[in-house]
Amino acid sequence: MISAEAACRRRSGPASVVTMLVAPLLLVLFVPFSPSSGAQLPNQAKAKDLPIATNGQPFPWDRMRLPTTVTPLHYDLAIHPNLTTLDFTGVVRIELDVHEDTNTVILHAKQMQISDVFLLAPEGIKRLKVLEYPRFHQLALLSDSVLIKGRKYEVHLAFAANLSDSFHGFYKGSYRTSSGEVRVLASTQFEATFARGAFPCFDEPAFKANFTIRIIREPRHIAISNMPMVKTVELPGGLLEDHFDTTVKMSTYLVAYIVSDFKSVSKTTQHGVKISIYAVPEKIDQTAFALDAAVKLLDFYDDYFDIPYPLPKQDLAAIPDFQSGAMENWGLTTYRETGLLFDPEKSSASDKLGITKVIAHELAHQWFGNLVTMEWWNDLWLNEGFAKFMEFISLDITYPELHVDDFFLAKCFEAMEVDSLSSSHPVSTPVENPTQIQEMFDDVSYDKGACILNMLRDFLTPEAFEIGIVRYLKRYSYQNTVNSHLWESLTNICSSDDLDEGRLKHTEFCSKRKTQSGASKWYSGDELDVRAIMDTWTLQEGFPLVTVEVRGREVRLSQERYLKTDDPSPSEGFLWQIPLTYKTSASNTVHRFLLKTKTDVLFLPEEVDWVKFNVDMSGYYMVHYAGEGWNSIIKLLQHSHTALSGNDRANLIHNVFQLVSIEKVRLDTALELSLYLSRETKIMAVTQGFGELVPLYKLMEKRDMKVLENQMKSYIVDLFQDLIDQQEWNDSGSVSQRVLRSYLLLFSCVRNYAPCVTKATQLFNQWKDSDGTMSLPVDITMAVFVIGARTPEGWDFLFEKYRHSLQMSVKSRMKTAMAVSPLQDKLKWMMEQSLIGEIMKTQDLPGVVVSVSKNPHGYQLAWDFLRANWHTMIKKFDLGSSTISHLVTGVTNQYSTREMLDEVRSFFGSLTEETGSEMRCIQQAYETIEDNIRWMDKNLPLLQAWLDKRNRRVSHEDL
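Residues numbered from 1 in each chain as written. Predicted model: local features only at pLDDT ≥ 70, side-chain atom pairs only at ≥ 80, totals over all residues. Heavy atoms only, no water.

Re the packing of helix α5 (residues 408-419) against helix α7 (residues 443-460)
Between α5 and α7, the least distance of the axes is 8 Å, while the angle of their chain directions is 125°. With respect to each other, α5 and α7 are oriented oblique. Considering only the axes of α5 and α7, their crossing is left-handed. Where α5 approaches α7, its residues F408, K411, C412, E414, A415, V418 and D419 are matched on the opposing element by D443, V444, D447, K448, A450, C451 and N454. (Axes fitted to C-alpha atoms, helices over the stretch in contact; angles between N-to-C directions. Helix = DSSP H or I, 4+ residues; strand = E, 2+ residues; numbered from the N terminus. Parallel < 35°, antiparallel > 145°, perpendicular 65-115°, else oblique. Left-handed = near helix turned anticlockwise from the far one by under 90°. Contact = heavy atoms within 4.5 Å.)

With respect to the sheet that holds strand β16 (residues 263-268)
With respect to topology, five strands assemble into an open sheet ordered β16-β17-β18-β20-β19, the strand pairing being mixed. Every interior strand has two partners, whereas the edge strands, β16 and β19 (326-327), have only one. When strand β18 (residues 313-319) meets strand β20 (residues 332-336), the two strands line up parallel, connected through five bridges. What sits directly across from A318, in β20, is Y335. The sheet strands contacting helix α3 (residues 349-365) are β18, β19 and β20, and the helix crosses β20 at an angle near 150°. (Pairing = 2+ DSSP bridges.)

Here's the deal with the packing of aromatic side chains
Aromatic rings considered in pairs are described by the distance between their centres and by the relative angle of their planes. Under the defined criterion, the tally for this structure stands at 56 aromatic pairs. Pairing W377 with F441 gives two aromatic rings, centres 6.1 Å apart and planes at 45°, and the pair type is tilted. Of the two residues, W377 sits in the loop between β21 (372-374) and α4 (381-398) while F441 sits in the loop between α6 (434-439) and α7, which places them 64 residues apart along the sequence. The burial state of W377 is the same as that of F441; both residues are buried. Taking NZ or CZ as reference, K296 lies 4.2 Å from the ring centre of Y399, over its face. A cation sits over an aromatic face here: R905 above Y926, 4.3 Å from the ring centre. (Phe/Tyr/Trp six-rings, centres within 6.5 Å; stacked < 30°, edge-to-face > 60°. Buried < 20%, exposed > 50% of the residue type's maximum accessible area, 1.4 Å probe, protein only. Lys NZ or Arg CZ within 6 Å of the ring centre and 35° of its normal.)

Quick look at the UniProt feature "domain: Peptidase M1 membrane alanine aminopeptidase" (unreviewed entry) in the protein
Here the UniProt feature "domain: Peptidase M1 membrane alanine aminopeptidase" (unreviewed entry) sits at residues 289-494. This span, residues 289-494, is 52% helix and 10% strand, and a straight line between its end C-alpha atoms measures 40 Å. (UniProt positions renumbered as here; feature names shortened; annotations may be inferred.)

So, the state of the cysteines
Following the criterion strictly, the structure yields two disulfides and no others. Each disulfide pairs two cysteine sulfurs, and for C412 the partner residue is C451, the sulfurs being separated by 2.1 Å. Taking the torsion about the sulfur-sulfur bond, which here is approximately -105°, the covalent link between C412 and C451 counts as left-handed. Of the two residues, C412 sits in helix α5 while C451 sits in helix α7, which places them 39 residues apart along the sequence. Considered together, C412 and C451 belong to a single accessibility category, that of buried residues. Here C749 pairs with C756 through a disulfide, and the sulfurs are 2.1 Å apart. (Disulfide = S-S within 2.5 Å.)

Points about the UniProt feature "binding site: Zn(2+)" (unreviewed entry) in the protein
Cross-referencing UniProt, the feature "binding site: Zn(2+)" (unreviewed entry) maps to H361, H365 and E384 in the present numbering. Spanning 24 residues, the named residues nonetheless gather at one spot, since no C-alpha pair among them exceeds 8.6 Å. Tracing the chain through its elements places H361 in helix α3. Setting aside residues up to four positions removed in sequence, H361 forms contacts with E384, A387, K388, E391 and Y446. Looking at where H365 falls in the secondary structure, it is placed in helix α3.

Notes on the confidence of the model for the protein
The predicted model of the protein averages 90 in pLDDT, with 91% of residues at 70 or higher. Long-range and interchain partners of residues 1-47, a stretch whose pLDDT sits below 50, account for 93 contacts in this model, where long-range means more than four residues apart. For residues 517-526, every residue scores under 50 in pLDDT, and the model assigns this stretch 18 contacts once sequence neighbours within four places are set aside. (pLDDT = per-residue confidence, 0-100.)

Section: the nonpolar core
Within the largest apolar cluster, 317 residues are counted, with the highest numbers of intra-cluster contacts made by F199, Y257, I359, F613 and F908. Per-element accounting of this core gives the leading share, twelve residues, to helix α28 (residues 920-958). With sequence-adjacent residues up to four places away left out, F908 is seen in contact with W863, L866, W870, V888, S917, I922 and Y926. (Core = buried A, V, L, I, M, F, W, Y, C linked by side-chain atoms within 4.5 Å.)

Let's talk about empty space enclosed by the protein
If you walk through the whole model with that rule in mind, you get two cavities of 30 Å³ or more. Estimates place the volume of the second largest cavity at around 60 Å³. Forming the walls of the second largest cavity are M64, R65, H108, T193, R196, E204, W376, W377, E432, P434 and I437. Split by residue class, the lining of the second largest cavity holds five nonpolar, two polar and four charged. (1 Å grid on protein atoms, 1.4 Å probe; cavity = no way out; pocket = protein on both sides within 12 Å on 5 of 7 lines; lining within 4 Å. Points joined across faces, edges and corners; volume = space filled by probe spheres on them. Nonpolar A, V, L, I, M, F, W, Y, C, P; charged D, E, K, R; others polar.)

Some words on the pattern of salt bridges
In this structure the tally under the stated criterion is 51 salt bridges. The partner of D931 in a salt bridge is K564, with the nearest N and O atoms 4.0 Å apart. Here D931, found in helix α28, pairs with K564, found in the loop between β24 (554-561) and β25 (578-584); they are 367 residues apart in sequence, far enough to count as distant. Comparing D931 with K564 shows no difference in burial state: the two are buried. (Salt bridge = Lys/Arg side-chain N within 4 Å of Asp/Glu carboxyl O.)

Thoughts on the domain arrangement of the protein
Along its sequence, the protein is carved into domain 1 (51-261), domain 2 (542-645) and domain 3 (703-958). Here domain 1 and domain 3 have C-alpha centroids that lie 43 Å from each other. Across the boundary between the two partners, domain 1 contributes eight residues, which contact eight residues of domain 3. Between domain 1 and domain 3, the buried area comes to about 640 Å², and carbon and sulfur atoms account for 53% of it. It is F167, H168 and R176 in domain 1 that bury the most area against domain 3; as a group they hold 56% of the surface buried on that side. Scanning the region where domain 1 abuts domain 3 turns up zero salt bridges. (Domains from an automatic or database assignment. Buried area = accessible area lost by both parts, 1.4 Å probe.)

And the structure:
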């Protein structure tokens, strides 16, 4: 990779064409640079306090964030990637607005050669001196005359670099055709701080500007970017230059361009926007579902937000090498192939659900994130929490058959997992450097953000919430925002000053509100301080545990922070304003109460048998039912579990087991509650039951305690046996039923449940005998593949089919099955091949390593692999990224011995800050292992006693 300070390497052939664009201007640059003695530095710091540039001179800026002395208005960017030499050259011309007199322009550039830098001023063209400070990825452009406040200037920079070997910046990708030919492409991934590695720019979200992009390419390729192409110009040497229309005002991280041999299919929305799906030629026949989904969803958002999508087109591109799930570049969203490609014959119900959700997420960003952007990365959740939340709002309306609401609670449970640790962070939290910024892309920003928005929507009513967020989008279009802007937009939505008369929903809602008398203070807009409520959820980490104790008609309430730690001090001083909801045995009515204090009391109209708080888990909090509370709920579930909704039941399962971890509830109480699961059929409650019970034996698998481990496994199989036996080996039923079928059959085969293993073995052998041509029901393939991968012959056959398959969802299931094989040599080989990236994609490496780490035959292999290849992986996937976090926590979160904790601490403690020692995920790994140790020390004897007692009870019943 060429760095900015490296010696310039001579280019030949097509790559030098970009220099033609600036040659006429360079002819006038003959005046040597001579800085003026009166030049002003943007921060006025004394030279002795300043950082030192690469040439040994003081660098005139000492902060990570750029100064606001000058801001960009427009970029004219010409770029030429050479897909043979795997490098690129470019020229950028940036129009600047000067806000203070200065002779210095500070902007970003990372690991590139910078040359031919000059200023276009009203008085003519002048050469600029360039200083580089690689630690902050900054350039200083020094003028010998002052740039005057209020005037417009332009700076010109030529640049050159290698295409990145990672998955960010302007990076190279490749794919293999069915005939074995390797084809190369170049694509971009600029969020959060990687535009600076592709062209010099003001690479912070608040520096919004317009972009006019030109891309030079060979005729065998196509180029696409944020905007439609307006013309193609022939250049000397047989090259073509595509000119793209100027973008709307946007942040640098949303700029995108791709040079490839992709094919496309297109449709037009009802609002006249052209939607196109781009993919490699041999997979273009897997794009029909995504195309229809994108059309339907863009039309939905256009209407829901009451703001027309502002671009003439929206492209969705399936990239063969892609680190994250997808990226919301304005007008050119990019995806993993598994996130966009769907084969009706080979893809599963969960594939359809996943693809639709990811498209819904990225298209929601076209408004939340692109049109209105957070001012700085500390408020990333304003982008990501909203987009995650809108997945569920949009699909509930546009794809009701997907039953997306069956899957929302899982997001809240996942968020609580990390938010229950001392190392968690507020939804809105200060960040400065690129690693800290990358770390914000986590379950707190995405999933907690979505869950607190869902809670607020329930609190305000869906109608009031929709009106408020539309007002927010309209008020701050093409601008940058902070938390408080959102809360202000959701407050007093019916005030006469801000009534949107042109929006029918708004006027109807407010008219209806005026006619209602005696409205509860829960909904009273004039009294409601949305900011005061929501600041308690966004500006402090963690979440509340509400303890409920019923004494006759009196319900005593108290709140504290839920925290998995031995040290109670981090939980002190926390107070939330909690929108409580509850229902009782006496009424199906949902009652509401805003708990603002540490303790409070509410009174029921009559005594009841049971009370259930957090109805359908609309709130982001846990509940502990003190006194006889849990016993009354266990009795209810055992005798009439359908008196509560499936989401309520999932919520209770989650809460009771999580309360065991902080010793509020005994393990045998939680296990007694789990017994009702033998009659459960709803997907969220069933999967949450597995989610709480399976980790118990997964901890044991990494210890030498086979007897108890097998007892626990047998208990879970027995608990769900009736439901497993009811599953048919086909693809019938709703999406939720099909997803549940896949889950249950996979579990029962992995757990060696004899009927499942027999059936799966038979089907795998038939499929193998047909050389893979036999059509298997999609929902059962994971179970079949897992059983097949247990033998060397089966594993090898599966791998051959994986190598040659063009169906991404099928490849994904095969890969997972191969990673849970007991064959250790195969597991090790798989991880090594994923790192090399030739026959297994490196983008899939983290998933492979984590899958192997969950395998009782592979967890030590995965830990050894992570340590041996750490430096390679942090370079490839980037420090602080969610990928690295997933690797660290995924590999270590089932360790539960002090020996393993010491080993983990020893390795991560040996790192430097540059190699990751300060990453939050390392602290999360330590805390999780410590929690596992405490849990095992405290609860193993209880678990053994309860299972023994149950076995005796079952044996007695069988007599």
